[in-house]
Amino acid sequence: MSKLGQVVESVEKYNQFVLDQVKRARADQKFGRDLLGRWNDIKAKIPTTRAPTGLPLPRLALPEIDEPGEIARFLFGEGLPGEFPFLNGAYREMYLEPVREVESFEKNGESKAKKIDKRVPQAEEPTRLFSGLMLAEDTNERFHYLTRHQRTHRLSTAFDGPTLYGIDSDADGVFGKIGEGGVAIDTVEDMVRLYDGFDLGSPNFSASMTISGPAPIIMAMYIAAAKRRFGPKVVPKLRGTIQADIFKEVQAQNETIFPIEASLRFLTDMVEFTTHEMPRWYPISISGYHIGEAGSTPVQQAAYTLSNGFAYAEMFAGRGIPVDQFGPRLSFFLDCGLDAEYIALARVSRRIWAIGMRDAYGAGPRGQLFKLHTQTSGRSLIAAEFKNNLTRTAAELMLAYMNATNSCHSNSADEPFTTPSEEWIRLAAHGQAILLEESGIFKHTMNMLSGSPGMKAVERAVEAAILDEFREIERLGGVLAAVEDRFQRSQIQNAAHRYEQQIYDGTRPIIGLNRYRNGTDDIPEVKLARTPRAKQQLQVDRLRKFKKKNTEKAKRTLDKLVDVVERGENCFPALLDAVEVSSLGQITGRLQEAMGRFRPMV
C-alpha cells in the first residue's frame, strides 16, 4: 500500500474512531460527564463582544447541544477552530475585529460606552490581490495602488507568457507577448524594480509568485533582489509563497519546461534550501485552482490537489527533510465557484489533510495545517452581460470565507476581456472589504455560518467522493504513475466537456448567457490593457545591456551550475550565484541542455 492508500485508511479509521467516541460518551457515564464538563468550560470562557448596534455576540459560535454523544461528535469529528481535525478553521480566530470599546444603544436613544479591558491585536487581512502587467515598474505602480489602504501588504504576482516558460524577452518570436497578461521578468534587475518601495523583510509584507516551470530560478532572483536592497540578513525574514507546483502543470496548465523527474528534483532542491534558510517562506503552493479552471469538477479539484500534496510530502521526506520541517511550509490554493460542493470543499480538504499528515506521515500539529489561499472562479466569469460577474464573485467570496480560507483573491468583472483595469480591480477588492469590514457576518463571531444540516450533508458527500478518487489513483499506482498514464488530465477533460455541454443544453443555467438574456449580443466597450511596443522594446534593450555587461561572469556561473546539477548536488545555491549575472532564459537554456525539455505524454 502506498502513502495515498494509507491516507484513505487513516481517514476511514478516524471516522470510525469518532463514532466509537460518540458511543462511549453515551455508554460511559464518567466519560460523558467529563465531556460535558469540558464543553461547559469551553462555552463559559468564550468572550462576548458587541455589534455596533449593541447586540451582544460570542466571539465563537458553538452548537446548542448538551448531550454527551453529540458533544463528542463535534469535538472529535470537527474540532474547535484551531484544533484537530481543523474542519472549522486552521486557527483559533480568523477575520475577527479586535475586542474594543463599542457603543451599545439603549431604548431611550442615548448611547453608553461599555469598556472592555481585554484587547486583541488586529490580525492580518486575508485579502491578497493578484496583479501583473507590462514591465516591472508598471506592476510595481499597480501594487502600490492596491495596497494604498491596507495595513499589511500581501502581493500576488502574475507573469507574462515568456517568463512562465523561462524564455527571455529577446528570444525569437516573443516580442508581441512581452508584458501581456502578466509582468515581464528577465533578470534580477527586473525583480528589484518589481518590488521597489516595499520592505521585503517586514513582518507586514509578503509576496506570492504564480509560476511553476522556472519557479526555482524566479525564487533565486527574488532572494537576490532582496539581498541587493536589504543585505544578506534579510533572507530569513522573507515571507511569501511561490507556486512551483509541477504536478498540476502536467495535469492541467501545460507550463512545464523540464522533464518531470528533473522538474521535481529542482523543486526539491529549492524546498530543501528554503526550509533550512527561510523559515517564513512557503516554497510550494499546491494548486487546485488551475485544475478547476481547466474544467475539473470541484471534487476532482480537491482530490487531485490533496493527492498531489501527499505525493510531494512523500518526495520531500524521501530527500531526508523531516516532516515537521517541510510540513508547516506547505500551502494550498483552491478556486471557489458556485456549485454546491463549494459550501464545504475547503473544510473537508482541511480535515483530510490533517488526518493524513498526522496518521500516515507522522506530522506534528503545525505540519497538519492545510493553509489555504482561495481565488474566486475565473471560469465562472463570462463576457455576456459581464457586470453580473460582480454578483458571481460576491457569492463566491461568501463561500470562500464560510470555508475559513486563510487568504483570498477576488477576480475582477472585466477579466473575460482583459487584464483588470483599476476601476474593476478596486471593485473586486471592495467586495472583500464589504464582507469582512462593513458587514457583521465574519468580524464579530468565529464559526458564524458553519454546521447547518445542508453543510454537513455536503461534507459527508464530498469526503466520500474524494476518498473514491484517492482509491482510483492508488489503483493506478499512485500520483506519479497516474500522471504518466494521463489519468488526471483525461478526467479533467471529460469533466470540462460535460460542463460545456450542460451550458449548451441549458441544464447548467448561466444568467445572461443561456437564461434571461436581454436579447442583444452587443460587445461592451471595455478598454483593453496592452503593452505598448515602446515598453516591449525597452525590456529587450535592458535585457541585452544586462547580458553584454555580464557575458564572462554568466558563462562561469552557468558552467558551475551545470556541473553541480550533473554531480547530483543541491543546485539552489549555484542558482543564487547564477541569477546575479545571468538571465532567466540563459539559465533555463543551459539547464535544458543538461536535463532535456519537457515533452507532453501521448
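What counts and what doesn't
Residues numbered from 1 in each chain as written. Predicted model: local features only at pLDDT ≥ 70, side-chain atom pairs only at ≥ 80, totals over all residues. Heavy atoms only, no water. Salt bridge = Lys/Arg side-chain N within 4 Å of Asp/Glu carboxyl O. Helix = DSSP H or I, 4+ residues; strand = E, 2+ residues; numbered from the N terminus. Expected span 1.5 Å × (residues − 1). Buried < 20%, exposed > 50% of the residue type's maximum accessible area, 1.4 Å probe, protein only. Pairing = 2+ DSSP bridges. Contact = heavy atoms within 4.5 Å. Axes fitted to C-alpha atoms, helices over the stretch in contact; angles between N-to-C directions. Parallel < 35°, antiparallel > 145°, perpendicular 65-115°, else oblique. Nonpolar A, V, L, I, M, F, W, Y, C, P; charged D, E, K, R; others polar. Core = buried A, V, L, I, M, F, W, Y, C linked by side-chain atoms within 4.5 Å. 1 Å grid on protein atoms, 1.4 Å probe; cavity = no way out; pocket = protein on both sides within 12 Å on 5 of 7 lines; lining within 4 Å. Points joined across faces, edges and corners; volume = space filled by probe spheres on them. Phe/Tyr/Trp six-rings, centres within 6.5 Å; stacked < 30°, edge-to-face > 60°. pLDDT = per-residue confidence, 0-100. Disulfide = S-S within 2.5 Å. Right-handed = clockwise from strand over helix to strand, strands pointing away.

1. Things to note about the pattern of salt bridges
Piece 1. Considering all chains together, one arrives at 38 salt bridges under this definition.
Piece 2. A salt bridge links Glu-70 to Arg-26, with the shortest nitrogen-to-oxygen separation between them at 2.9 Å. Remark: Arg-26 occurs in helix α1 (residues 3-27) and Glu-70 occurs in helix α3 (residues 68-77); sequence separation between them is 44 residues.
Piece 3. Asp-339 is the partner of Arg-508 in a salt bridge, and the nearest nitrogen-oxygen pair spans 3.0 Å. Of this pair, Arg-508 sits in the loop between α18 (487-505) and α19 (533-549) while Asp-339 sits in the loop between β11 (330-336) and α13 (345-359); the two residues are 169 residues apart in sequence, bridging distant segments of the chain.
Piece 4. Each of the salt bridges in this network shares a partner with another, and the network as a whole consists of Arg-26, Glu-67, Glu-70 and Arg-73.

2. Topic: α13
Piece 1. A rise of 1.5 Å per residue sets the reference length of α13, with its 15 residues, at 21 Å; its end C-alpha atoms lie 21 Å apart and thus fit the reference within 8%.
Piece 2. Counting buried residues along α13, 13 of its 15 residues qualify, which places the element largely inside the surrounding structure.

3. Notes on the sheet that holds strand β5 (residues 129-131)
Piece 1. Pairing is parallel in the open sheet, where 5 strands are placed in the order β5-β6-β7-β8-β9. Strands with a single pairing partner mark the edges of an open sheet, and in this sheet they are β5 and β9 (281-282).
Piece 2. The pairing of strand β8 (residues 240-242) with β9 spans 2 bridges and is classified as parallel. Looking across to β9, one finds that Thr-241 is bridged to Tyr-282.
Piece 3. In the packing of helix α4 (residues 136-146) onto the sheet, the strands contacted are β5 and β6 (153-158), and the crossing angle to β5 comes to about 160°.

4. Observations concerning the packing of helix α9 (residues 260-277) against helix α21 (residues 572-581)
Angle between the axes and distance between the axes are the two parameters that describe a pair of packed helices.
Piece 1. Two elements in contact, α9 and α21, have axes whose closest approach is 9 Å; the angle formed by their N-to-C orientations is 90°. The angle between the axes of α9 and α21 places the two elements in the roughly perpendicular class. For the pair formed by α9 and α21, the contact residues are Asp-269, Met-270 and Phe-273 on the first element and Phe-572, Pro-573 and Leu-576 on the second.
Piece 2. Its residues assigned to classes, the contact of α9 with α21 shows 5 nonpolar, no polar and 1 charged.

5. A word on unusual backbone geometry
Piece 1. In the segment running from Phe-84 into Pro-85, the intervening peptide bond is cis, with an omega of 5°.
Piece 2. The backbone of Arg-486 sits at a positive phi, close to 60°, despite the residue not being glycine.
Piece 3. Mapped onto the secondary structure, Arg-486 falls in the loop between α17 (479-484) and α18.
Piece 4. Exposure remark for Arg-486: the relative accessible area of 27% places this residue in the partly exposed category.
Piece 5. Even without a glycine there, the phi angle at Tyr-516 is positive, about 60°.
Piece 6. Along the polypeptide, Tyr-516 turns up in the loop between α18 and α19.
Piece 7. Accessibility expressed as a relative area gives 62% for Tyr-516, which makes it exposed.

6. Points about the nonpolar core
Piece 1. If you look at the biggest cluster of nonpolar residues, it comprises 152 residues, and the most contacted ones within it are Tyr-195, Tyr-222 and Phe-470.
Piece 2. With 11 residues, the top contributor of residues to this core is helix α7 (residues 215-230).
Piece 3. Not counting residues within four places of it along the chain, the set of residues in contact with Tyr-195 comprises Asn-140, Phe-143, Leu-155, Thr-157, Leu-200, Phe-205, Ala-207, Met-209, Tyr-222 and Arg-229.
Piece 4. By size, the runner-up hydrophobic cluster in this structure holds 5 residues, among which are Tyr-145, Leu-146, Ile-425 and Ala-429.

7. Examining the layout of surface pockets
Summary: where empty space remains is shown by rolling a probe the size of a single water molecule over the atoms.
Piece 1. The space that makes up the second largest pocket amounts to roughly 700 Å³.
Piece 2. Around the second largest pocket, the lining comprises 25 residues; the ones closest to its centre are Arg-73, Gly-77, Glu-78, Lys-456 and Glu-459.
Piece 3. Per-class residue counts for the lining of the second largest pocket are 10 nonpolar, 7 polar and 8 charged.

8. Looking at the packing of aromatic side chains
Piece 1. Tallied over the entire structure, the rule returns 27 aromatic pairs.
Piece 2. On the numbers, 5.3 Å between centres and 40° between planes, the contact of Tyr-222 with Trp-281 is tilted. Of this pair, Tyr-222 sits in helix α7 while Trp-281 is found in strand β9, placing the two residues 59 residues apart along the sequence.
Piece 3. You can call Tyr-222 buried: its relative accessible area is 0%.
Piece 4. Their ring planes at 40° and their centres at 4.9 Å tell us that Phe-273 and Phe-572 sit as a pair that is tilted. Here the residue Phe-273 occupies a position in helix α9, and Phe-572 occupies one in helix α21, the gap between them amounting to 299 residues. Across this residue pair, the class does not change: Phe-273 and Phe-572 are buried.

9. Side note on the confidence of the model for the protein
Piece 1. Considering every residue of the protein, the mean pLDDT works out to 91; 95% of them sit at 70 or more.
Piece 2. No element of the protein has a lower mean pLDDT than strand β3 (residues 102-105), at 40, and none a higher one than α13, at 98.
Piece 3. Scored below 50 in pLDDT, residues 101-120 makes 35 contacts in the model with residues more than four places away or belonging to other chains.

10. Considerations on the sheet that holds strand β12 (residues 372-376)
Piece 1. Across the sheet, which stays open at both edges, the 4 strands sit in the order β10-β11-β12-β13 with parallel pairing between neighbours. Both outer strands of the open sheet, β10 (284-287) and β13 (407-409), are each paired with one neighbouring strand and no more. Going from strand to strand, the sheet's axes swing by 25° on average, the running direction of each strand aside.
Piece 2. Pairing geometry for β10 and β11, over 4 bridges, is parallel. Counted as the bridge partner of Ser-285 is Ser-331 from β11.
Piece 3. Its contacts with the sheet put helix α11 (residues 298-319) on β10 and β11, and the angle it makes with β10 is roughly 145°.

11. Concerning the state of the cysteines
Piece 1. For the structure shown, the criterion picks out 0 disulfides.
Piece 2. Cysteine Cys-408 shares no disulfide, and the gap to the nearest cysteine sulfur, in Cys-336, comes to 7.6 Å.

12. A look at the pairing of β11
Piece 1. Of all 7 residues that make up β11, 7 are buried, and the element is covered over most of its length.
Piece 2. By the bridge criterion, 5 bridges tie β11 to β12 in an arrangement that is parallel. For Phe-332, the partnering residue across the bridge sits in β12 and is Leu-372.
Piece 3. Crossover handedness for the path β11 to α13 to β12: right-handed.

13. Topic: the side chain of Thr-374
Piece 1. Relative to the helices and strands, Thr-374 resides in strand β12.
Piece 2. Overall, Thr-374 belongs to the buried group, its relative accessible area being 4%.
Piece 3. Residues in contact with Thr-374, not counting those within four places in the same chain, are Phe-333, Leu-334, Asp-335, Cys-336, Ala-400, Thr-405, Ser-407, Cys-408 and His-409.

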